[in-house]
Amino acid sequence: MRLPLPSDPRLAKFQGWVLLLTICAAGIGGTFQFGYNLSIINAPTLYIQEFTNETWQMRTGRPLPDHLVLLVWSLIVSLYPLGGLLGALLAGPLAITLGRKKSLLVNNIFVVAAATLFGFSRRAGSFEMVMLGRLLVGVSAGVSMNVQPMYLGESAPKELRGAVAMTSAIFTALGIVMGQVVGLRELLGGPQAWPLLLASCLVPGVLQLASLPLLPESPRYLLIDRGDSEACLAVSLDYLAKSSQLMLLTLRISSQVQKFISAAAAAGPRGPGRRAGGAGAGARRLGGRAERGDPWELFGDRALRRQVASLVVLGGAMELCGNDAVYSYASAMFVQARIPPEKVQYAVIGTGGCELLATLVSCVVIERVGRRVLLMGGYCLMTCWGSVFTAALCLQSSFPWMPYLAMSCIFAFILSFGIGPAGVTGILATELFDQTARPAAYMVCGVLMWTMLFLVGLGFPFIMEGLSHFLYVPFLCVCVCAAVYTFFFLPETKGKTFLEISEELYRLNFPGWSQSPMWRGPEVVQSTEL
């Protein structure tokens, strides 16, 4: 929500710093944690398996069979997406009940508990503590992956909304890289330091707890969900009043801000597909309650048909496009490319660095080229590089330079993913859904993402075994379908307000419906109810 403030360079500069601090405070304990905890588990794989076997032998006097050690390790890994699924289901109620900012702060309870379990697991001789800790950090990641883009998307001005929402992907990539760096054998990736490596997730959580309380809550949440215009006004002006140089400016613009809030509340007392005074399938007038009682009811609401289809198709495509499989295959390709085994860990860091670089570029250009171009371009490039990668795998025994080509395709594929699907997909739930449906949409998106992540991790070994060199063919089909869907069905949202986006989606969902003169845009409701 952007306030119509006077054009003052000091104010613009101060607002920019506040927005930057909000992005960093939300991201360091949000999606950064997701990427960080996703990558740090790779370094201590053998050490945790040895610890599991030693612990079992101390308890029973005999070693644990190899297949059971592998089973315990599989549980430790798979409990992370399972926790993420639980966190995604928890994110919607938390965001509505506590607000966006408080949800992120409360979410750190899971991080503190998990870090404590990790840190004392070796001393306590309990691999069960590691399993429970992975479940808890998964819950934390599931909450933050949904609440953080919601919080930032609602707080940013429309000219920067895409770039600000893209920072969620940047922090995810940054977390992956930092996890790979901290997991080096020279740092915390050694046989004795792995409990500290897993417990290091506490550091980003503490940083968020120290910084985020100083920053404002989402003004759209305060005004629309809580119906508290005074709190919205206070949030909008509080950080200005803290600066003595801007005190007079704050007093001068307060009346304009109050007019803006009144206009925002009056701008949309009627929703798409609802005439003045009528009751529709969505929410009632200002002061009423939202009638949408279950996130799964989104699938039955005709006014949300295009939005839900886009969320499911493109959200599922992001997880099924094969990027996670590339990370799994990277180490083997580096070995085949004759990189010394002791240097492979540094090459793997390069893959995470590629995604970080690509998301930074995407953040810079997204408001210039738009969402559709980045998505279509990303999926088309991924299709191209995936095809070359498949050909290189088939011909690697015929030409000695094919492993190098396959290694290059890995980096190119990750760059293409970072430029488009990695960040743009996370913006969809913020921009395509109105305030009443947004928390439920993020719940659906989170459940879809974590379920797909779990299934890909479970099924990829079997795909590798069954399809051999053609293992990427199913992923390439997904990339092609995603690009085609984006071209034909996804509307462009670049530079548009939530009102303008809602109007366009209304016309797409009701192509034969003529708008009445009384219809003025999306409905403003006082609360969102699951």
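Residues numbered from 1 in each chain as written. Predicted model: local features only at pLDDT ≥ 70, side-chain atom pairs only at ≥ 80, totals over all residues. Heavy atoms only, no water.

1. Considering the overall build of the chain
Within the chain one finds 22 helices and zero strands. Looking at the chain as a whole, 55% of its 530 residues are labelled buried. Looking at the chain alone, contacts between residues at least 24 apart form 82% of all its contacts between residues at least 6 apart. Carbon and sulfur atoms make up 68% of the accessible area of the chain, which amounts to about 22,200 Å² in all. (Helix = DSSP H or I, 4+ residues; strand = E, 2+ residues; numbered from the N terminus. Buried < 20%, exposed > 50% of the residue type's maximum accessible area, 1.4 Å probe, protein only. Contact = heavy atoms within 4.5 Å. Areas by Shrake-Rupley, 256 points an atom, 1.4 Å probe, with all protein chains shown as cover.)

2. Observations regarding helix α22 (residues 498–509)
For α22, spanning 12 residues, the distance from its first C-alpha to its last is 16 Å, which sits close to the expected 16 Å at 1.5 Å a residue. All of the buried residues in α22 are F498, I501, S502, L505, Y506 and N509. Seen along its axis, α22 keeps its buried residues to an arc of 135°; they face one direction. (Expected span 1.5 Å × (residues − 1). Arc of directions from axis to C-beta.)

3. Concerning a nonpolar patch on the surface
On the surface, L86, L89, W296, F299 and V312 cluster together to form a nonpolar patch covering roughly 450 Å² of accessible area. Relative to the elements of secondary structure, F299 occurs in the loop between α13 (247–266) and α14 (305–320). Relative accessible area serves as the criterion here: at 47%, F299 is assigned to the partly exposed category. (Patch = residues over 30% accessible without salt bridge, like charges linked within 9 Å, V, L, I, M, F, W, Y side chains within 5 Å. Salt bridge = Lys/Arg side-chain N within 4 Å of Asp/Glu carboxyl O.)

4. Re the pattern of salt bridges
Oppositely charged side chains may form a pair once their charged atoms are brought near each other. Considering all chains together, one arrives at four salt bridges under this definition. Close ionic contact of R371 with E431 constitutes a salt bridge, the shortest N to O distance being 2.6 Å. One end of the pair, R371, is in helix α17 (residues 371–395); the other, E431, is in helix α19 (residues 421–432), and 60 residues separate them in sequence. Given the relative accessible area of 2%, R371 is considered buried.

5. Thoughts on the nonpolar core
If you look at the biggest cluster of nonpolar residues, it comprises 123 residues, and the most contacted ones within it are I76, L198, L298, Y379, F433, W450 and Y472. Broken down by element, the residue count for this core peaks at 13 residues, all from helix α7 (residues 127–155). No fewer than three residues from each of domain 1 (9–215) and domain 2 (297–512) sit in this core. With residues up to four places along the chain from it excluded, the contact list for F433 reads L304, Q307, V308, L311, L428, R438 and A441. (Core = buried A, V, L, I, M, F, W, Y, C linked by side-chain atoms within 4.5 Å. Domains from an automatic or database assignment.)

6. With respect to the packing of helix α2 (residues 31–39) against helix α8 (residues 161–182)
If you want to describe how two helices pack, look at the angle between their axes and the distance between the axes. For the pair α2 and α8, interaxial distance at closest approach is 7 Å and the crossing angle is 35°. You can see that α2 and α8 cross each other, and the crossing is right-handed. Contact residues: α2 offers T31, F32, F34, G35, Y36 and S39, while α8 offers S168, F171, T172, L174, G175, I176, M178, G179, Q180 and V182. Here the contact of α2 with α8 is composed, by residue class, of eight nonpolar, eight polar and no charged. (Axes fitted to C-alpha atoms, helices over the stretch in contact; angles between N-to-C directions. Left-handed = near helix turned anticlockwise from the far one by under 90°. Nonpolar A, V, L, I, M, F, W, Y, C, P; charged D, E, K, R; others polar.)

7. Describing the packing of aromatic side chains
Taken as a whole, this structure holds 13 aromatic pairs when the rule is applied. When the centroid spacing of 5.4 Å and the interplanar angle of 85° are considered together, the rings of F34 and W450 count as edge-to-face. Of the two residues, F34 sits in helix α2 while W450 sits in helix α20 (residues 438–467), which places them 416 residues apart along the sequence. You can call F34 buried: its relative accessible area is 8%. According to the relative accessible area criterion, W450 is buried, its value standing at 1%. Taken together, the ring pairs in this structure connect F389, F413, Y472 and F475 into an aromatic cluster. (Phe/Tyr/Trp six-rings, centres within 6.5 Å; stacked < 30°, edge-to-face > 60°.)

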